[in-house]
Protein chains: 2
Amino acid sequence: MSGTSPDFASLLRGAGLRPTRQRVALARVLFGSGHRHVTAESLHAEVKATRIPVALATVYNALNQFRDAGLLREVVVAPGRSYFDTNTSHHHHFFIETDGELHDFPSDKVTIAGLPAPPKGTRLSRVDVVVRVRR
Amino acid sequence: MSGTSPDFASLLRGAGLRPTRQRVALARVLFGSGHRHVTAESLHAEVKATRIPVALATVYNALNQFRDAGLLREVVVAPGRSYFDTNTSHHHHFFIETDGELHDFPSDKVTIAGLPAPPKGTRLSRVDVVVRVRR
DNA sequence: TTCACTTTTAGAATTATTCTAAATTACTTG
DNA sequence: CAAGTAATTTAGAATAATTCTAAAAGTGAA
Ligand SMILES: [Mn+2]
Ligand SMILES: [Mn+2]
Ligand SMILES: [Zn+2]
Ligand SMILES: [Zn+2]
């Protein structure tokens, strides 16, 4: 039978990370369903609800490692908190300022024309578009 | 004779803020020359160098007040620190990730087409474009 | 001048995040 | 499988940015 449940251990190994109990639990929550935007705190709460013990420091460690491995990207839209995004493909965001929610929107319909060239001695890293809205 | 030095007291009064010694000193540094992107720490250092005593808490207070009054806008591009921008007109930013520098670029040459409509029940607040580059 | 507010300030508090050093766990090898 | 070693987790301390508190100082109206 073909695998219906994704293999998080392999995902982690492929990223050069040992598939420990807590990394697998975190990966399951992060990558088990559709794309997610989480904070360290929110992810910590979700995984604890899963009855697997994880320290908040481990969540921070894992998020940083997952990001460094390219499994996540970090999005900074509000002062004082980082969001981690399971959607690593090219896309942009709505940020609902009134309640701190982030929503994706695809970049393929969006055209940005007329961007100036990067300053001398620099290479383009990424173009972020954040559409801020309020209720 | 026509005033060659801008009148920061009036600027502050016009914003509904008393022109105290420290607010005037802060305004002078912020608005006395071309557009600036400062952090609370960097502004604090600059004003202290001017021999006017200011507490860091006062700098935070003033930056928040100036922003609320529309004299500044706040820009969040990196986790854990806020930049305050004296350019309140519509424009976008280069962010040099390797050294934390922010540079303006005018929005009038930039065209963003195909943005989806704001989610139901929300109003557009602002569209931020950040071009991230590294050395 | 006086007086009622505002503002400033030092230092404590808060929040998000990272660090430390010790305990535990994962993988390798025998 | 049993060790051994290196990687990981963890509780709690430490840091960094920012806000709060309550008391002292300053501002401007009268
Ligand atoms: Mn980080
Ligand atoms: Mn703020
Ligand atoms: Zn996203
Ligand atoms: Zn700017």
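Computed from a predicted structure; not experimentally measured.

(A) Quick peek at the relation of the copies chain B and chain A. Here chain B sits on chain A after a turn of 180° about the axis and a move of 0.0 Å along it, with an RMSD of 0.0 Å. Here the two chains are linked by the operation of a two-fold rotation axis.

(B) Just the protein's contact with DNA strand D, in detail. Looking at DNA strand D, there are 20 residues lining it, with T20(A), R23(A), A55(A), T58(A) and Y60(B) nearest. Considering DNA strand D, the proportion of its atoms within 4 Å of the protein that are sugar or phosphate atoms stands at 85%. At 2.4 Å from a phosphate oxygen of DNA strand D is found a side-chain nitrogen or oxygen belonging to T20(A). Between T58(A) and DNA strand D, the recorded distance is 2.6 Å, taken from a side-chain N or O atom to a phosphate oxygen. For the surface near DNA strand D, the secondary-structure elements that each account for two or more residues are α2 (21–31) and α4 (56–68) of chain A together with α4 (56–68) and β3 (81–85) of chain B. Along the lines of polarity and charge, the residues of the surface near DNA strand D split into eight nonpolar, seven polar and five charged.

(C) Representation of the pairing of strand β7 (residues 123–134) of chain B in the model. In the sheet, strand β7 (residues 123–134) of chain A pairs with β7(B) via eleven bridges, with the strands oriented antiparallel. Paired with R123(A) across the bridge in β7(B) is R134(B). Where strand β4 (residues 91–96) of chain B lies against β7(B), four bridges are found, and the strand directions are parallel. Across the sheet, the residue bridging to H93(B) is V130(B), located in β7(B).

(D) Representation of the sheet that holds strand β1 (residues 37–38) of chain B in the model. Residues and elements named next belong to chain B. Taken together, the three strands give an open sheet; going across it, the order is β1-β3-β2, and neighbouring strands pair in antiparallel fashion. Of all the strands in the sheet, the pair left with one neighbour each is β1 and β2 (73–78). Pairing between β2 and β3: four bridges, direction antiparallel. By the bridge assignment, A78 is partnered in β3 with R81.

(E) Summary view of the interface of chain B and chain A. Contacts between the two partners involve 37 residues from chain B and, on the opposite side, 36 residues from chain A. Interface area for chain B against chain A, summed over the two sides, is near 2900 Å², with a carbon-plus-sulfur share of 62%. At the boundary of chain B and chain A, one finds two salt bridges. For R132(B), the salt bridge goes to D128(A), with nearest N and O atoms at 2.8 Å. At the surface where chain B touches chain A, the tally comes to 14 residue pairs in polar contact (both at pLDDT 80 or more). For the side of chain B that touches chain A, the secondary structure elements donating two or more residues are β2, β4, β6 (111–113) and β7 of chain B. Per-element accounting of the side of chain B that touches chain A gives the leading share, twelve residues, to β7(B). Per-class residue counts for the side of chain B that touches chain A are 21 nonpolar, six polar and ten charged.

(F) Local environment of the protein's contact with DNA strand C. In the vicinity of DNA strand C there are 18 residues, among which Y60(A), T20(B), R23(B), A55(B) and T58(B) approach most closely. If you look at DNA strand C and keep only atoms within 4 Å of the protein, 87% of those are sugar or phosphate atoms. Between DNA strand C and N64(A), the relevant distance is 3.2 Å, taken from a phosphate oxygen to a side-chain nitrogen or oxygen of the residue. With respect to DNA strand C, the side chain of R23(B) contributes an N or O atom lying 2.5 Å from a phosphate oxygen. Those elements that provide at least two residues to the surface near DNA strand C are α4 and β3 (81–85) of chain A together with α2 (21–31) and α4 of chain B. Split into classes, the residues belonging to the surface near DNA strand C amount to seven nonpolar, seven polar and four charged.

The rules behind each value
- Residues numbered from 1 in each chain as written.
- Chains lettered and ligands numbered in written order.
- Predicted model: local features only at pLDDT ≥ 70, side-chain atom pairs only at ≥ 80, totals over all residues.
- Heavy atoms only, no water.
- Least-squares fit on C-alpha atoms with pLDDT ≥ 70 in both.
- Near = heavy atom within 4 Å.
- Polar contact = N/O pair within 3.5 Å; in protein donor to acceptor, adjacent residues only side chain to side chain.
- Helix = DSSP H or I, 4+ residues; strand = E, 2+ residues; numbered from the N terminus.
- Nonpolar A, V, L, I, M, F, W, Y, C, P; charged D, E, K, R; others polar.
- Pairing = 2+ DSSP bridges.
- Contact = heavy atoms within 4.5 Å.
- Buried area = accessible area lost by both parts, 1.4 Å probe.
- Salt bridge = Lys/Arg side-chain N within 4 Å of Asp/Glu carboxyl O.

Everything listed is a geometric property; what it means functionally is a separate question.
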